[in-house]
Amino acid sequence: MKILVIGGNGMVGGHAALRLAAAGHDVTLASRTRPDSGPLAQLAWKAVDYLAPDAQAVLRGFDAAVFAAGQDPRHVPKGADAASHYAQANGEGVPRFFAAAKAAGVGRAVLIGSFYPQAAPELVETDPYVASRLAADEGARKLADDNFHVAVLNAPFIIGEVPGLIVPSADAMARWALGALDLPRVAPPGGVNVITCNTLSDAIEGALVRGENGKAWLIGDANLSYARYLGMFFEAAGDRAALELRDEPHPLIPDSAMLRGRGKTIYYDVAPAERATLGYRQDDVWPTIRLIVENAARRLA
């Protein structure tokens, strides 16, 4: 297939693009800025702002699209009203882009969404970000028909390593565990489901060829306390002592990322049949964290 990956210079989109290219697909990255080094820089690239009115022209000639962009609390412009920003960028902008894909003749599309509407549905009524993610999910799937196959993959906390790309959040955790960041050796209470880019890219491949049309898939791997998750970085660095639990803001896992609140969990299990349909791996968090720490150690050496 000829596939356009929107958000292709980021962790999720970049990893998916490299995986799909390795599988033999003709992959083009689409993003605001072009990757300037590493394997991603070797792929074809198109400049795109998915909120711009000329999106349909960018989409022409592709068999499939993988949408790995979208806006979260990190992307709200300074001084902007967050609720309005989310509604416009996610709730309105994503379905509009999928409508442009359909009009351009794209036959298959996968949206990388958020797990909150399915894993913590009570947040839809209280959090504008979660509400906007649900609107993006439902708006994209409403466009599905016999000629336009749409699947939504609602993913939890994602961690990954992409060749040639440094992921700032994961790199900071690795450098902290390696002693290169002067931060207290503590973890917040609570926990979350975590998957890796490997798992997500498996699911993207599966959704493109086997995913039920018009379905929103809640995907996941490991339910981890934040103490266990952060502790894995220290374990990979050779330090097996447990982190101290402190009920206070954490510099690397901000409260804004804990939408149920600090000390709460968002845990769930995925039915084996759903995993099998999409064909994604399990138990990949520890190998991925170990690789992230090993690569960070090499950069620090």
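Residues numbered from 1 in each chain as written. Predicted model: local features only at pLDDT ≥ 70, side-chain atom pairs only at ≥ 80, totals over all residues. Heavy atoms only, no water.

Draft legend 1. Representation of the overall build of the protein chain. Looking only at helices and strands, the protein chain has 10 helices and 13 strands in total. What you see for the protein chain is a C-alpha radius of gyration of 19 Å, in line with the 19 Å of a compact globule of 301 residues. Counting only residues that meet the buried cut, the protein chain has 51% of its 301 residues in that class. Within the protein chain, contacts between residues at least 6 apart in sequence are counted, and of these 79% link residues at least 24 apart. For the protein chain, the exposed surface amounts to about 13000 Å²; the carbon and sulfur share of it is 50%. Across the protein chain, the centroid of the 29 positively charged side chains sits 3 Å from that of the 33 negatively charged ones. (Helix = DSSP H or I, 4+ residues; strand = E, 2+ residues; numbered from the N terminus. Rg over C-alpha atoms; globule rule 2.2 N^0.38 Å. Buried < 20%, exposed > 50% of the residue type's maximum accessible area, 1.4 Å probe, protein only. Contact = heavy atoms within 4.5 Å. Areas by Shrake-Rupley, 256 points an atom, 1.4 Å probe, with all protein chains shown as cover. Lys, Arg positive; Asp, Glu negative; His and termini not counted. Charge placed at Lys NZ, Arg CZ, Asp CG, Glu CD.)

Draft legend 2. Just unusual backbone geometry, in detail. The phi dihedral of Asp283 is positive, around 55°, even though this residue is not glycine. Mapped onto the fold, Asp283 is located in the loop between helix H9 (272-278) and helix H10 (285-300). With a relative accessible area of 64%, Asp283 lands in the exposed category.

Draft legend 3. Structural context of the sheet that holds strand S5 (residues 108-114). A sheet is described by the order of its strands in space; here 7 strands give the open sequence S3-S2-S1-S4-S5-S6-S10, paired in parallel fashion. The sheet is open, and its two edges are formed by strand S3 (44-47) and strand S10 (215-218), each paired on a single side. Neighbouring strand axes in the sheet, compared pairwise and without regard to direction, differ in orientation by 20° on average. Here strand S1 (residues 2-6) pairs with strand S2 (residues 26-31) via 5 bridges, running parallel. Bridged to Lys2 within S2 is Asp26. (Pairing = 2+ DSSP bridges. Axes fitted to C-alpha atoms, helices over the stretch in contact; angles between N-to-C directions.)

Draft legend 4. The arrangement of the packing of helix H8 (residues 226-236) against H10 in detail. With their axes 9 Å apart at the nearest point, H8 and H10 run at an angle of 50° to one another. Between H8 and H10, the angle is such that the two are oblique. Regarding H8 and H10, the two cross each other, and that crossing is right-handed. Here Tyr229, Met232, Phe233, Glu235 and Ala236 of H8 lie close against H10, whose contacting residues are Val285, Trp286, Ile289, Arg290, Ile292 and Val293. Across the contact of H8 with H10, the residue classes tally to 9 nonpolar, no polar and 2 charged. (Parallel < 35°, antiparallel > 145°, perpendicular 65-115°, else oblique. Left-handed = near helix turned anticlockwise from the far one by under 90°. Nonpolar A, V, L, I, M, F, W, Y, C, P; charged D, E, K, R; others polar.)

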